[in-house]
4 protein chains.
Amino acid sequence: MSQIIASQLNVTQMANGQAMTVPVYTIKGSNNGPSVYIQANIHGAEVQGNAVIYQLLEQFKQLDCYGDITLVPLANPIGSNQKSGEFTLGRFDPITGANWNRGYHFNDALPAQFAQANPDMAISEIVSQFRALIIDDLEQQKIDAPYGVTTGQFLCAKLQRMALEADIVLDLHTGPISSRHLYCPEYAKDSAVLFDIPHVLFIPQDFDGALDEACFCPWWQLQQAYQQQGRSIEVAVAAFTLELGSQEWLCLEEAKRDSESILSYLSHRGVVKPGLFTPKKMTRYGCDLKDYRTFYAPKSGLVEYLAPLGGQVKQGEPLVRMLRIDRYDHPDVIEVIKAPDDCIAILHFASASVNQGTELYKLFTNYFTLSA
Amino acid sequence: MSQIIASQLNVTQMANGQAMTVPVYTIKGSNNGPSVYIQANIHGAEVQGNAVIYQLLEQFKQLDCYGDITLVPLANPIGSNQKSGEFTLGRFDPITGANWNRGYHFNDALPAQFAQANPDMAISEIVSQFRALIIDDLEQQKIDAPYGVTTGQFLCAKLQRMALEADIVLDLHTGPISSRHLYCPEYAKDSAVLFDIPHVLFIPQDFDGALDEACFCPWWQLQQAYQQQGRSIEVAVAAFTLELGSQEWLCLEEAKRDSESILSYLSHRGVVKPGLFTPKKMTRYGCDLKDYRTFYAPKSGLVEYLAPLGGQVKQGEPLVRMLRIDRYDHPDVIEVIKAPDDCIAILHFASASVNQGTELYKLFTNYFTLSA
Amino acid sequence: MSQIIASQLNVTQMANGQAMTVPVYTIKGSNNGPSVYIQANIHGAEVQGNAVIYQLLEQFKQLDCYGDITLVPLANPIGSNQKSGEFTLGRFDPITGANWNRGYHFNDALPAQFAQANPDMAISEIVSQFRALIIDDLEQQKIDAPYGVTTGQFLCAKLQRMALEADIVLDLHTGPISSRHLYCPEYAKDSAVLFDIPHVLFIPQDFDGALDEACFCPWWQLQQAYQQQGRSIEVAVAAFTLELGSQEWLCLEEAKRDSESILSYLSHRGVVKPGLFTPKKMTRYGCDLKDYRTFYAPKSGLVEYLAPLGGQVKQGEPLVRMLRIDRYDHPDVIEVIKAPDDCIAILHFASASVNQGTELYKLFTNYFTLSA
Amino acid sequence: MSQIIASQLNVTQMANGQAMTVPVYTIKGSNNGPSVYIQANIHGAEVQGNAVIYQLLEQFKQLDCYGDITLVPLANPIGSNQKSGEFTLGRFDPITGANWNRGYHFNDALPAQFAQANPDMAISEIVSQFRALIIDDLEQQKIDAPYGVTTGQFLCAKLQRMALEADIVLDLHTGPISSRHLYCPEYAKDSAVLFDIPHVLFIPQDFDGALDEACFCPWWQLQQAYQQQGRSIEVAVAAFTLELGSQEWLCLEEAKRDSESILSYLSHRGVVKPGLFTPKKMTRYGCDLKDYRTFYAPKSGLVEYLAPLGGQVKQGEPLVRMLRIDRYDHPDVIEVIKAPDDCIAILHFASASVNQGTELYKLFTNYFTLSA
């Protein structure tokens, strides 16, 4: 019963002069609930989030939404359209190599300055004035910079401009070949169990250019700046990256399940009626970012991936079998490569042939069980 | 009980000066059986044939091989190593766009010339002298050409130089996302049921640059040239392209099954003891090349592939569901695209996002059942 | 004094749903002169033709144009926008490897059929009816094909649809690093001296998919079909490919000169006032297509190009110096590679590092002087 | 009169199993002079440094070299061989997008630890023990890491392992289309005038992953750590990045000049006889890294580069002319884009067609004259 307004946002121009646009769907909240920004497909090959946004739109239009909602599928028209062979080369700018999800803006001088200048400001004022400050800074530094910024930074700035208005930011990704997992900032640990996602990475407040960080870092550091002045405030914004399976893959039915997982979080947060959606019962595992280890190919060759995604692998159990058919006359023509530690296999490389040093698997090590 | 000799063949030099090599495994036949050439991975992403060659080597070393056998995995070191993003850009030369499997050589003037010059030559003489002629022509035109040839033509010539020595040539490929299928020249129709491959394409004698064509066209046209002179001879060489599943995928267990499928053909042909391996019982479907239709995306968007590979699809049944999330406010946000004719879906595109005009599916139409 | 009408033509949709368009500028002829179609940039990196179209537009708007003129710059929005590193990967479809300038349509059954069906038709009727026939065939086979066509074929069909309406077709290209040269069909030999282009390739009527061929082959074969019926008619359409220097390079001043070169041809043909522009005096050299030889790198390495573009090179004079710095301890660390025959160096490869088999130079051999 | 020893270093394995190697040339010093490491071509398209190494080898073999010298051309076999279209895609890993010159190692905890542990150690002991420490750390962290490292980090580690042995490190690069310029660490400001390079960037001690930084940062921070303990020592290692013109370009004659420029520095440092080579007289300009500004394309289109490389451009003078031929009917079809400040144009983008946000020019602003 919510109305969905469609519009198009210009985010760049291509060499032939054409403006490239991103579709933007907005819903006006009925009742002052938290505002939400949901984005998908900043990496061109990670299309499943678009199907999740489709399913969310199907739900929202039948629901009473209390807060403003902005949904942005196909967030990266350059990445979506950059084909190389049969696949989408949408992870990095083909000109510069810059990861499209590392171009967001964060000015780390602002939180401390603001807290010092406004030690006793009322919470609601803090939220609105600090938000205005970081939006203004984004516009000056990235959207209206006199020497310009890179294609990726400009795209990110246009998206971030919308995201900074929201209290809740969800960035929908996928891995290469991947099980579902969630990037959750440590301060929002309690929210991890509200999604139907069994594997959760807890991330510190370092800024490395991604959207979730660009949205929560200002507020997290603001909270800490007030903390240092002896005042305790909440972190006003929650931001998560959801990894919803594998790239180059679309499934509307799975997307429906993921939309319900998101609605269970939004329902808990009062964006839609609380209790309307509730998280599924499942064992959830957590891992600190420092223990999220990449296992790189110790040698090159052809790869059969053996460790099941989402599966717990004991130290010494097989990760991959490698075939080096150029060495049939050597004992290492077939070699099984084993897990160096107990771990959960979260994702693996998309191709069956690898160079030495290719990322084979990403693994939760020192993982732990989350209590609901 | 056969001895396998390993060697390396130089096929090109890269810009930094390094020679690129291809592994070559040879077995000396014990008893004058037909000679065999088996190659895999001329397209860089199609790695599964290497695993099939591994399983064949495992078998051959325990068998008595009557004919000479040459096995060439990893046939294209440039293609294997050309990565673009996480995938292998191994279908065409990244410099010229030339398909690596279209650089083989065929001089269509030779068969008629030879038949005219040698109308009454004994069959065994025909085979050895015509073989010498086409090998000599290959060397002059491609390996020792004064102006040189393209990187791909030189690679193909070095491989073809070996293949031309053989009575049986098998070129192991895969599709993008694909079911098993076989390219079989029309003159060798009876052999189609000797492989464990349920879908067979029958191809005419046109030369389009592929290895199988380059190996059988000279002999097929020679047979026809004698035919026109009123003399009936057999086509001396059989050559097939086997498509063994999907690219970017390796499975040693499936490879074992495919090695047995190949052995059932070789056993029938007397390369190993006849009867040692026999084809599996299965319904096999045939299709003429002219009825092998590509269905191109009538519009762009995100794709959920619905038609099952190897499955029979009736006219009007769904091929794909397309999501155009940029058009949520239009009725065509979701559209199911249907088969224009009764068909068998053989393979589909590897990515879930397509431009208008991208090859969505390849389909057998007007297909028929083969009798064993 | 001519009015220029601007419009946009949809030629494809990209994966994210966006329609890609090509700008089309048209001028309505004042006086029944020959109609003209001029296109540029079908290969994405070959941008200079756009500047030539700019300069032509600047001229046309001040002239009285007797015939209809259509100008299509930026003809390939996919190719223009396909960047890979700092350069434009615009020569072939990044998905299939298909050369963008090989997707045009020619149905070689039509000319003979038409001539047989209409042996005594009046010339003006032949031109209008045969034109209608080939346009209709193009639409059925390529624009409205039930299984669709490739992205490149659809793009080409949409462009060719416009080109088929014209009596004169000019396709503006560049080489990689290149001197100016002209592809001229043999039947239009006399026109070669009307452009200010010193090097001319004479091409036979084989169809290989390029625009010029797709425009002149139907008419050339029609003329020959009538010839075989004993009737002599003119080839009604002239089509040329102009190679105007190097790719990835733009110069408005040089473009002005090339626009005047084109105007001298158009003026001669009566598209604008005859005599208004006249060809420059220069020595022009011709070469038959079969004598246009590519010299491939006999080995890999780093290359210093020595033969000057447009310059006459004697047999045994240097083409390139190759540095193999991996072999400093060998005599071939530096090697000069020499011309195998007397020739004119027309173009060379764009990079200073090459694989074995890379196209180093393209050379006119057995060249001759054209008389004006 | 020095002997040059050639060897090959394995730096990675490609998917097909082939080891990729880097040529290494070493000269044993005769007289305890400073040791030198010179590398070229870590970015695959930047080939000119290989020619400079060739010319240095030609010189060194006729000279008495006092210190050990290691020369490593073709330092990146993956980058050199990664073609995409006619150009070399050698700036970043095609799989990950990681810049090949950002994978070097620096452990910023070591300098302070070492200085604290060894406050009074003799200088010669400091140099040998700290060198052993950082080499040992590199081996543990990158060469022998239990989970492995990326392809690029492993390559860099193998190169850095050699570079860390040297007192002088020169990393030879080029820009895209570029004038000569030098990256010089601020502490080595006096050396800037010893090269024949007119434009010098002074860089602070931040570590961003490049080879020069990875070589000087440990020693610079060690010097500062001792400083904080009240002890003054020299920075023991000098490291520079030399940008020697444009990529995809080779010229042995220009390389000879650059080899003499390098020899003038090495001669001053006592690697060869002091005074044997002396810097040319020229006006040299300096710029602090913070004032080295990139000017990004404010809109997309076709570009004619107007500001001359190495030339001084006044505020408001033209940088580029942009053609937007899709907008012939608009006033902005041609637009001149002007320098926002007084500057020297150091390099520009390699292609004539750009997206919005493409790096058009890199500019020295607030530049100053260096005194010799």
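What counts and what doesn't
Residues numbered from 1 in each chain as written. Chains lettered and ligands numbered in written order. Predicted model: local features only at pLDDT ≥ 70, side-chain atom pairs only at ≥ 80, totals over all residues. Helix = DSSP H or I, 4+ residues; strand = E, 2+ residues; numbered from the N terminus. Buried ≥ 20, exposed ≤ 12 C-beta atoms within 10 Å, placed from the backbone. Contact = placed C-beta atoms within 7 Å. Domains from an automatic or database assignment. Nonpolar A, V, L, I, M, F, W, Y, C, P; charged D, E, K, R; others polar. Least-squares fit on C-alpha atoms with pLDDT ≥ 70 in both. Arc of directions from axis to C-beta. Pairing = 2+ DSSP bridges. Axes fitted to C-alpha atoms, helices over the stretch in contact; angles between N-to-C directions. Expected span 1.5 Å × (residues − 1). Parallel < 35°, antiparallel > 145°, perpendicular 65-115°, else oblique. Left-handed = near helix turned anticlockwise from the far one by under 90°. pLDDT = per-residue confidence, 0-100.

A word on the overall build of chain A. Counting its regular elements, chain A contains seven helices and 21 strands. When the backbone C-alpha atoms are referred to their principal axes, chain A occupies close to 75 × 55 × 45 Å. Scored against the burial criterion, the 372 residues of chain A give a buried share of 59%. For chain A, the share of sequence-separated contacts (at least 6 apart) that also reach a separation of at least 24 residues comes to 70%.

Let's shift gears to the domain arrangement of chain A. All names here are of chain A. Domain boundaries in chain A define domain 1 (5–282) and domain 2 (292–366). One C-alpha centre belongs to domain 1, the other to domain 2; they are set 32 Å apart. On the side of domain 2, ten residues touch domain 1, which itself brings ten residues to the contact. When the residues that make up the side of domain 1 that touches domain 2 are grouped by side-chain class, the tally is four nonpolar, six polar and no charged.

With that out of the way, let us pick up the relation of the copies chain C and chain D. When chain C is brought onto chain D, the operation consists of a screw motion whose angular component is 180° and whose axial shift is 0.0 Å, with 0.0 Å RMSD remaining. The relationship between the two copies is best expressed as a two-fold rotation axis. Interface overlap between copies is the fraction of interface residues in one copy that are interface residues in the other; for chain C against chain D it reaches 100%, indicating a shared surface.

Attention now moves to the interface of chain C and chain D. Note on interface size: it is often stated as the accessible area lost on association of the parts. Taken together, the 40 residues of chain C in the interface contact 40 residues of chain D. Those elements that provide at least two residues to the side of chain C that touches chain D are β2 (19–27), α1 (48–60), β6 (87–88), β14 (301–305) and β16 (318–323) of chain C. At five residues, α1(C) tops the list of elements feeding residues into the side of chain C that touches chain D.

Okay, the interface of chain B and chain D next. Taken together, the contacts link 16 residues of chain B with 16 residues of chain D. Those elements giving two or more residues to the side of chain B that touches chain D turn out to be β2 (19–27), α2 (77–81) and β5 (83–84) of chain B. In terms of residue count, the dominant contributor to the side of chain B that touches chain D is α2(B) (three residues). In terms of residue class, the side of chain B that touches chain D is built from seven nonpolar, seven polar and two charged.

Residue and element names in this part refer to chain A. All of the buried residues in helix α3 (residues 110–117) are Pro111, Phe114 and Ala115. Projected down its long axis, α3 carries its buried residues within an arc of 95°, all on one side. Facing away from the buried surface of α3 by more than 90 degrees, the exposed residues are Gln113, Gln116 and Ala117. Contacts made by the buried residues of α3 are with α4 (123–143) and α6 (211–228).

Glancing now at the sheet that holds strand β14 (residues 301–305) of chain A. Residues and elements named next belong to chain A. Ordered by their spatial adjacency, four strands build an open sheet running β17-β16-β14-β19, and the pairing between neighbours is antiparallel. The sheet is open, and its two edges are formed by β17 (334–338) and β19 (353–354), each paired on a single side. As defined by bridge partners, strand β16 (residues 318–323) adjoins β17 across five bridges and the pair is classed as antiparallel. Across the sheet, Met322 pairs through a bridge with Glu335, a residue of β17.

Residues and elements named next belong to chain D. Here we have ten strands laid out as an open sheet, ordered β1-β2-β4-β3-β7-β11-β9-β10-β12-β21, and mixed in their pairing. Sheet topology places β1 (5–13) and β21 (368–370) at the edges, where each strand pairs with a single neighbour. Pairs of neighbouring strands in the sheet enclose a mean axial angle of 25°, with direction left out of account. Sheet analysis places β1 next to strand β2 (residues 19–27), joined by eight bridges and oriented antiparallel. Each bridged residue has a counterpart across the sheet, and for Gln13 the counterpart in β2 is Ala19. Where helix α5 (residues 151–163) meets the sheet, it contacts β1, β3 (36–40), β4 (69–72) and β7 (168–175), and its direction lies at approximately 155° from that of β1. Strand contacts of helix α6 (residues 211–228): β3, β7, β9 (181–185) and β11 (238–246), with the helix running at about 160° to β11, the strand carrying the most contacts.

A few words now on α1(C). Residues three or four positions apart in an α-helix share a direction because the helix packs 3.6 residues into each turn. All names here are of chain C. If you check α1, its first and last C-alpha atoms are 18 Å apart, about what 13 residues at 1.5 Å a residue would give, namely 18 Å. Counted residue by residue, α1 has twelve buried out of 13 residues, so it is predominantly covered. Among the residues of α1, those classed as buried are Gln48, Gly49, Asn50, Ala51, Val52, Ile53, Tyr54, Gln55, Leu56, Leu57, Gln59 and Phe60.

This part covers the packing of helix α3 (residues 110–117) of chain D against α6(D). Residues and elements named next belong to chain D. Packing of α3 against α6 brings their axes to within 8 Å, and their N-to-C directions diverge by 40°. On the basis of their axis angle, the class for α3 and α6 is oblique. Crossing angle aside, the handedness with which α3 passes α6 is right-handed. Facing α3, whose interface residues are Leu110, Pro111, Ala112, Phe114 and Ala115, α6 presents Pro218, Gln221, Leu222, Ala225 and Tyr226. By residue class, the composition of the contact of α3 with α6 is nine nonpolar, one polar and no charged.

Residues and elements named next belong to chain A. With respect to the secondary-structure elements, Val36 resides in strand β3 (residues 36–40). A residue is classified by how many C-beta atoms lie within 10 Å of it, and Val36, with 29 of them, is buried. Residue contacts for Val36: discarding those within four places in its chain leaves Gly67, Ile69, Ala166, Ile168, Leu266 and Val271.

Looking now at the confidence of the model for chain A. Per-residue pLDDT for chain A averages 97, and the proportion of residues at 70 or more is 100%. The ipTM for the predicted assembly is 0.96, set against a pTM of 0.97.

A few words on the packing of helix α1 (residues 48–60) of chain A against helix α7 (residues 252–268) of chain A. Residues and elements named next belong to chain A. It is at 8 Å that the axes of α1 and α7 come closest, and there the two elements cross at 65°. For α1 against α7, the interelement crossing comes out right-handed. Here Gln48, Ala51, Val52, Tyr54, Gln55, Leu56 and Gln59 of α1 lie close against α7, whose contacting residues are Leu252, Ala255, Lys256, Asp258, Ser259, Ile262 and Leu263. Looking at the contact of α1 with α7, its residues break down into eight nonpolar, four polar and two charged.

Residue and element names in this part refer to chain B. As for its placement among the helices and strands, Leu263 is situated in helix α7 (residues 252–268). Exposure remark for Leu263: the 20 C-beta atoms within 10 Å place this residue in the buried category. Remark: the alpha-carbon pair of Leu263 and Phe277, spanning 14 residues in sequence, is separated by 6.1 Å. What Leu263 contacts, discounting residues up to four positions off in sequence, is Gln59, Val272 and Phe277.

Turning our attention to the pairing of β4(D). Here three bridges tie β2(D) to β4(D), and the two strands are oriented antiparallel to one another. Considered in β4(D), the bridge of Thr26(D) is made with Thr70(D).

Not every positive phi belongs to a glycine, and Leu74(A) is a case in point at roughly 50°. Assignment of secondary structure puts Leu74(A) in the loop between β4 (69–72) and α2 (77–81). For Leu74(A), a count of 29 C-beta atoms within 10 Å corresponds to the buried category. Its identity as a non-glycine residue notwithstanding, Asn41(B) has a phi of 80°, on the positive side. Relative to the helices and strands, Asn41(B) resides in the loop between β3 (36–40) and α1 (48–60).

The subject of this paragraph is the environment of Arg324(B). Tracing the chain through its elements places Arg324(B) in the loop between β16 (318–323) and β17 (334–338). For Arg324(B), a count of 22 C-beta atoms within 10 Å corresponds to the buried category. Taking C-alpha positions, Arg324(B) is 8.0 Å from Ser300(B), a pair spaced 24 residues apart along the chain. Aside from chain neighbours lying at most four places away, what touches Arg324(B) is Gly301(B), Asp332(B), Val333(B) and Gly17(C).

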